[in-house]
Amino acid sequence: MSSILGKLLVSTLYILFLSLPLHTSAHDINRDTLNFINARSGHKNKGGGDGSSSKGCNNNNQLNKIPCKKSNPIQAAAAPSLPVKTDSLVFADQRLEVVYPVIQNFKSIITSDPLGVTKSWVGSDICSYKGFYCDNPPDNSSAIALASVDFNGFQLAASTLDGFIDKLPDIALFHANSNNFSGTISPQIAKLPYLYELDVSNNQLSGPFPMAVLGMDTLTFLDIRFNFFSGAVPPQIFIQNLEALFINDNIFTQGLPDNLGNTHILLLTLANNKFNGPIPRSLPKALSTLTEVLLLNNQLTGCLPYEIGYLQEATVFDAGNNQLTGPLPFSLSCLEKVELLNLAGNLLYGMVPEVVCAGLVNLVNFSLSDNYFTHVGPLCRILIQRGVLDVRNNCIPDLPFQRSVFECATFFSHPRMCPFMWAHNFIPCKLPFQNTPVSSIP
């Protein structure tokens, strides 16, 4: 019996001895787990380190032989993920809140911003964004709305303006001269009730004329020059209630419409396109209030109508580099305010009328170069001597820098006639030199 009790005692002691290392390992594992959790929670170790030396599942601790597990309920309970904080934007007016995402969406498609303009397009104070200006809208004097955008000279680049201009419901002025915007003009701009100035000149815009502007009663200023618009210009635009229309330096191809004679536009530029055909006889009378008439670098043909003399407010008349032909009408002498008169680079011929040289008392630059004139009188020669009149590369025998005899003979071998030749000498005004000595002509 005693031997049996002895065996039981030895067995009990052996079992207790074996269980001792297991409790030690479990204690070490729990301590290592706690250190790992503390390291993940950002606590530093006692040695003043950054926690990278704590014993986790990615270190080389020889006591820890348990593999790392991706899902650890103790870790999740000890270090819960923090929610992402978002600033609450407060806008001065609900109208500004409406346009905020429009601006931010447009900002996201801008591919070039060399001046760092868009860095200011942050936060709810839209009125402080560079290029954006706020005011009271016409329908509510107590509200604050985005009233105008001025990107002139910012050199921004984006593939389109669609979804931007047309999504600014209170916009009155949009100026984006000298940027690198491409694409077309959205037809949705027709829905903007207050837009009265639209300037997208000097960009990379293309496509047909933006037809959406037709019928926009509020629009008074349209500038789309220096782009790549092409095709025809709708005749309706010339009789719309515009004060300024700048469509020069595009690729418009058509004849000048007859209804140009009914226009009320005060500033009109058609230069550097591909307009063709004759200058309508009704045009000068309709443009009699214009100070600048710019028709240069097109493909205009035919003869200058005597009605040119009705441009009595013009200080600039430029129809250079076209295919105009015929003699100069005497009515040019009625342009008493003109300072720059350019008809160079055409197919004009005959004599330079003395009455024109005498009547244009404010002339600073009068260019008739690169034509086929054959005679210049003494009054016009005074202007040549003063550097006002340029007749180089014509067919005037006794003046230097003229065309060759062969070139002139070739031109005159093909007769060119003008209609209404009876009106060639008609002068629809009282000439200023009639009361001014010739010697006072500048």
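Residues numbered from 1 in each chain as written. Predicted model: local features only at pLDDT ≥ 70, side-chain atom pairs only at ≥ 80, totals over all residues. Heavy atoms only, no water.

## Here we look at the overall build of the protein
The following threshold applies: Numbering of helices and strands runs from the N terminus, with a helix taken as a DSSP run of H or I at least four residues long and a strand as a DSSP run of E at least two residues long. Exposure classes here rest on a 1.4 Å probe applied to the protein chains alone. A residue is buried below 20% of its type maximum, exposed above 50%, and partly exposed in between. Here a residue-residue contact requires only that any non-hydrogen atoms of the pair lie within 4.5 Å. All accessible areas in this document rest on Shrake-Rupley with a 1.4 Å probe, and a residue is counted as covered only by the protein chains that are shown.
Secondary structure summary: the protein contains 7 helices and 23 strands in total. Counting the 442 residues in the protein, one finds 43% classified as buried. By sequence separation, contacts in the protein at least 24 residues apart represent 51% of the contacts at least 6 residues apart. Put simply, the protein shows about 23,100 Å² of open surface, and 58% of that area lies on carbon and sulfur atoms.

## Examining the confidence of the model for the protein
Test applied: Each residue carries a pLDDT value, the predictor's own confidence for that position, ranging from 0 to 100.
Averaged over all residues, the pLDDT of the protein equals 82, while 78% of them reach at least 70. Counting contacts from residues 14–86, a segment whose pLDDT is below 50, to residues more than four positions away or on other chains yields 33 contacts. Taken as a whole, residues 436–442 scores under 50 in pLDDT and shows 9 contacts with residues more than four places along the chain or in a different chain.

## Re the side chain of Thr269
Among the structural elements, Thr269 can be located in strand S13 (residues 267–269). Contact partners of Thr269, with chain neighbours within four places excluded, come to Leu245, Phe246, Ile247, Asn248 and Leu294.

## Concerning the nonpolar core
The tendency in soluble globular proteins is for nonpolar side chains to be buried side by side. Definition in use: We call a set of buried residues a nonpolar core when its members are Ala, Val, Leu, Ile, Met, Phe, Trp, Tyr or Cys and they connect through side-chain atoms within 4.5 Å of each other.
Ranked by size, the top nonpolar core spans 93 residues in total, and within it Trp121, Phe151, Phe164, Phe174 and Ile247 carry the most contacts. For this core, the secondary-structure elements that each account for two or more residues are helix H3 (94–109), strand S3 (145–150), strand S20 (347–352), helix H5 (354–359), strand S22 (372–376) and helix H6 (378–385). Here the element with the most residues in this core is H3; it accounts for 5 residues. When residues no more than four places from it in sequence are discounted, the contact partners of Phe164 are Val102, Ile103, Phe106, Phe132, Phe151 and Phe174.

## Section: the packing of aromatic side chains
Short version of the rule: To pair, rings of Phe, Tyr and Trp, with the six-membered ring standing in for Trp, must have centres within 6.5 Å; the planes then decide the type, stacked if under 30 degrees apart, edge-to-face if over 60, and tilted in the middle.
Applying the stated criterion across every chain yields a total of 21 aromatic pairs. Their ring planes at 70° and their centres at 6.1 Å tell us that Phe151 and Phe174 sit as a pair that is edge-to-face. Note that Phe151 is positioned in the loop between S3 and strand S4 (157–158) and Phe174 in strand S5 (residues 173–175), a separation of 23 residues in sequence. By the burial criterion, Phe151 is buried, and Phe174 matches it.

## Description of the sheet that holds strand S8 (residues 204–208)
Quick reminder of the rule: At least two bridges found by DSSP between two strands is the condition for calling them paired. For every element, the axis is a line fit to its C-alpha atoms; helices are fit only across the contacting stretch, and the angle between N-to-C directions ranges from 0 to 180 degrees.
Across the sheet, which stays open at both edges, the 8 strands sit in the order S1-S4-S6-S8-S10-S12-S14-S16 with mixed pairing between neighbours. Of all strands in the sheet, those bounded by a partner on one side alone are strand S1 (110–112) and strand S16 (299–300). Note that S1 and S4 share 2 bridges and pair antiparallel. Bridge assignment links Ser112 to a residue of S4, and that residue is Ala157. Seen against the sheet, H3 touches S1, S4 and strand S6 (180–183) and runs at an angle of roughly 40° to S1.

## Quick word on the pattern of salt bridges
To keep things clear, this is the line we draw: Should a side-chain nitrogen of Lys or Arg be within 4 Å of a carboxyl oxygen of Asp or Glu, the pair is scored as a salt bridge.
Taken as a whole, this structure holds 8 salt bridges when the rule is applied. Across the pair Arg95 and Asp170 runs a salt bridge whose closest N-O atoms are separated by 3.0 Å. Of this pair, Arg95 sits in helix H3 while Asp170 sits in the loop between S4 and S5; the two residues are 75 residues apart in sequence, bridging distant segments of the chain. In this structure Asp170 comes out as buried when scored by relative accessible area, which is 12%. One salt bridge in this structure joins Arg392 and Asp390, with 2.9 Å as the shortest N-O distance. Shared partners join several salt bridges into a network, and the residues in it are Arg95, Asp139 and Asp170.

## Comments concerning the sheet that holds S3
In spatial order, the strands read S2-S3-S5-S7-S9-S11-S13-S15-S17-S19-S21-S23; together these 12 strands make up an open sheet with mixed pairing. Bordering the open sheet on either side are strand S2 (132–135) and strand S23 (389–390), each of which pairs with just one other strand. For strand S17 (residues 316–318) and strand S19 (residues 340–342), the ladder comprises 3 bridges, and the chain directions are parallel. Its bridge partner being in S19, Phe317 is matched across the sheet by Leu341.

## Observations concerning the side chain of Ser201
To be explicit about the condition: Identification of polar contacts relies on pairs of N or O atoms within 3.5 Å, with a donor-acceptor requirement for protein atoms, meaning one able to donate a hydrogen and the other able to accept it, and with residues adjacent in sequence counted only if both atoms are side-chain atoms.
Relative to the helices and strands, Ser201 resides in the loop between strand S7 (197–199) and S8. A polar contact of 2.7 Å, which involves the side chain of Ser201, links it to the side chain of Asn177. Leave out the neighbours within four places in its chain, and Ser201 touches Ala176, Asn177, Ser178, Asp223, Ile224, Arg225, Phe226 and Asn227.

## Remarks on the environment of Asp258
Tracing the backbone shows Asp258 in the loop between strand S12 (251–255) and S13. On the basis of relative accessible area, Asp258 is assigned to the exposed category, the value being 66%. Once the C-alpha coordinates of Asp258 and Arg281 are considered, the two residues, 23 residues apart in sequence, prove to be 8.6 Å apart.

## Focus: the state of the cysteines
Stated precisely, the cut-off is as follows: Working definition: a disulfide is two cysteine sulfur atoms within 2.5 Å of each other.
One pass over the structure, following the stated rule, counts 5 disulfides. Each sulfur of the disulfide joining Cys127 and Cys134 lies 2.1 Å from the other. In this structure the cystine formed by Cys127 and Cys134 twists about its S-S bond by roughly -100°; its chirality is therefore left-handed. Take Cys127: its relative accessible area is 31%, and that puts it in the partly exposed class.

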